[in-house]
Amino acid sequence: MTVDSQPGDHATTKEVEEYLLHLDPAEIGKWTSEQVCSQFLERIQFSYLIENFTVNNITGRVLLMVEERNLVEMGVNVIGDRLMILSYLKLLKKKKVEADKMATLWQGETPASGIQYSEDCGQCCAKIFCPCCITRKMWRITGQGIFYRIVPPCAWFTTVTQEYIDFRFLKDMELRTRNTCACCCQTHELLLYADQASDKESDNPMAYTTEHPLLHPEAGEVENIVRNAWSNARLVAD
């Protein structure tokens, strides 16, 4: 179907943009073609294109893949309309990329359960009977980088600190496996090497590499997750 007539005045462009920025990309991906029409087309004042989108079965997931050539194929002939729709879609796509970057790919806590992941028997018992009595690290890996919070023992009146490894500064990683407990058990450790600034206040900071150990039974799986996310981050950067 070819449409040459334009919709009404775009007097509320700012309000439309604010509305789009508050949408959840995950929910958009679940939209039916009917919801695309009611939640997107009507809200951006392009309800005259409802039939075009419905005939072409533009669901929420498809909506986030629509490009200008698709709009042309759908019969949106007015250049100004196409540009406006594309500008709104750009906002949604940008938000989806940001959401994907911050989505949790893996999360875990160290020290992990098991005597082989304890410094000694005392720490092993503390993990079972009084977890808050030991220092813990809460790890979370996203498409953007690696976060971990260092939670001190409850008896220490110190603040929780957080470390962040941006994939742009990740240099290398090494997976180590060793036998413990008289060779009866194995421990898995992933060493992450990242560049940091030795003097953040300096105009010319000296870079140095810091080591971030992740001692966890899922270290092998984490290595694969980190390598894939690291690779994707570098592709986006390039």
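Located above this text is the structure these notes cover.
Residues numbered from 1 in each chain as written. Predicted model: local features only at pLDDT ≥ 70, side-chain atom pairs only at ≥ 80, totals over all residues. Heavy atoms only, no water.

> Give a detailed account of the overall build of the protein, specifying residues and quantitative values.
Scanning the protein from terminus to terminus reveals 9 helices and 7 strands. Counting over 238 residues, the protein shows a buried share of 35%. Sequence separation of at least 24 residues holds for 56% of the intrachain contacts in the protein that already meet a minimum separation of 6. Entry remark: accessible area of the protein is about 14200 Å², with carbon and sulfur atoms responsible for 52%. (Helix = DSSP H or I, 4+ residues; strand = E, 2+ residues; numbered from the N terminus. Buried < 20%, exposed > 50% of the residue type's maximum accessible area, 1.4 Å probe, protein only. Contact = heavy atoms within 4.5 Å. Areas by Shrake-Rupley, 256 points an atom, 1.4 Å probe, with all protein chains shown as cover.)

> Tell me about the environment of R178, residues and numbers included.
Residue position: R178 is located in strand 5 (residues 170-180). It is 10.0 Å that separates the C-alpha atoms of R178 and Q116, two residues lying 62 residues apart in sequence. Once residues within four sequence positions are removed from consideration, R178 is found in contact with C185, Q186, T187, E189 and L215.

> So, the pattern of salt bridges: which residues are in play, and what are the values?
Across all of its chains, the model carries 9 salt bridges by this definition. Note that R82 is salt-bridged to E68, the shortest N-O span being 3.4 Å. Of this pair, R82 sits in helix 7 (residues 79-102) while E68 sits in helix 6 (residues 68-73), and the two are 14 residues apart along the sequence. Overall, R82 belongs to the buried group, its relative accessible area being 11%. Given the relative accessible area of 35%, E68 is considered partly exposed. For R176, the salt bridge is made with E174, and the minimal N-O distance between the two is 3.3 Å. (Salt bridge = Lys/Arg side-chain N within 4 Å of Asp/Glu carboxyl O.)

> Give me the lowdown on the sheet that holds strand 1 (residues 104-110), citing residues and values where you can.
As summarised here, the arrangement of the 4 strands in space is 1-2-3-4, forming an open sheet in which the pairing is antiparallel. Of all strands in the sheet, those with a lone pairing partner are strand 1 and strand 4 (161-166), marking the two edges. The mean inter-strand angle of the sheet, taken between neighbouring strand axes irrespective of direction, is 15°. Both strand 1 and strand 2 (residues 136-142) contribute to a ladder of 6 bridges, which runs antiparallel. Bridge pairing in strand 2 places T110 opposite K137. (Pairing = 2+ DSSP bridges. Axes fitted to C-alpha atoms, helices over the stretch in contact; angles between N-to-C directions.)

> Pulling in residues and values, what's your account of unusual backbone geometry?
Most peptide bonds adopt trans geometry, and most residues besides glycine take a negative phi value. Geometrically, the link from T110 to P111 is a cis peptide bond, its omega value of 0° lying close to zero. Within the secondary structure layout, P111 lies in the loop between strand 1 and helix 8 (121-129). Although it is not a glycine, Q45 sits at a positive phi angle of roughly 70°. For N57, which is not a glycine, the phi torsion comes out positive at approximately 50°. Structurally, N57 can be placed in the loop between helix 4 (50-55) and helix 5 (60-63).

> Residues and numbers for the environment of C130, please.
As for its position among the elements, C130 is in the loop between helix 8 and strand 2. Classification of C130 by relative accessible area gives partly exposed; the value is 24%. Note: C-alpha distance between C130 and P153 (23 residues apart in sequence) is 9.8 Å.

> Residues and numbers for helix 1 (residues 13-21), please.
Each turn of an α-helix holds 3.6 residues, which means side chains three or four residues apart point in the same direction. Among all positions of helix 1, only V16, Y19 and L20 are buried. Along the axis of helix 1, the buried positions cluster into a sector of 95°, meaning they face one direction only. Of the exposed residues in helix 1, those oriented more than 90 degrees away from the buried face are K14 and E15. Taken together, the buried residues of helix 1 touch helix 3 (33-41) and helix 7. (Arc of directions from axis to C-beta.)

> Break down the nonpolar core for me, with residues and values.
Counting residues in each nonpolar core, the largest one holds 26 residues, and the members touching the most others are L20, F40, I44, F53, L63 and L92. Counting residues per element, this core draws most heavily on helix 7, which supplies 5 residues. Residue contacts for F40: discarding those within four places in its chain leaves L20, W31, Q35, L63, I85, Y88, L89 and L92. (Core = buried A, V, L, I, M, F, W, Y, C linked by side-chain atoms within 4.5 Å.)

> Talk me through the packing of helix 1 against helix 7; I want residue IDs and the actual numbers.
Between helix 1 and helix 7, whose axes approach to 9 Å, the crossing angle comes to 30°. With respect to their mutual orientation, helix 1 and helix 7 come out roughly parallel. For helix 1 against helix 7, the interelement crossing comes out right-handed. Residue-level contacts link T13, V16, E17, L20 and L21 of helix 1 to M84, Y88, L91, L92 and K95 of helix 7. Taken together, the residues of the contact of helix 1 with helix 7 break down into 7 nonpolar, 1 polar and 2 charged. (Parallel < 35°, antiparallel > 145°, perpendicular 65-115°, else oblique. Left-handed = near helix turned anticlockwise from the far one by under 90°. Nonpolar A, V, L, I, M, F, W, Y, C, P; charged D, E, K, R; others polar.)

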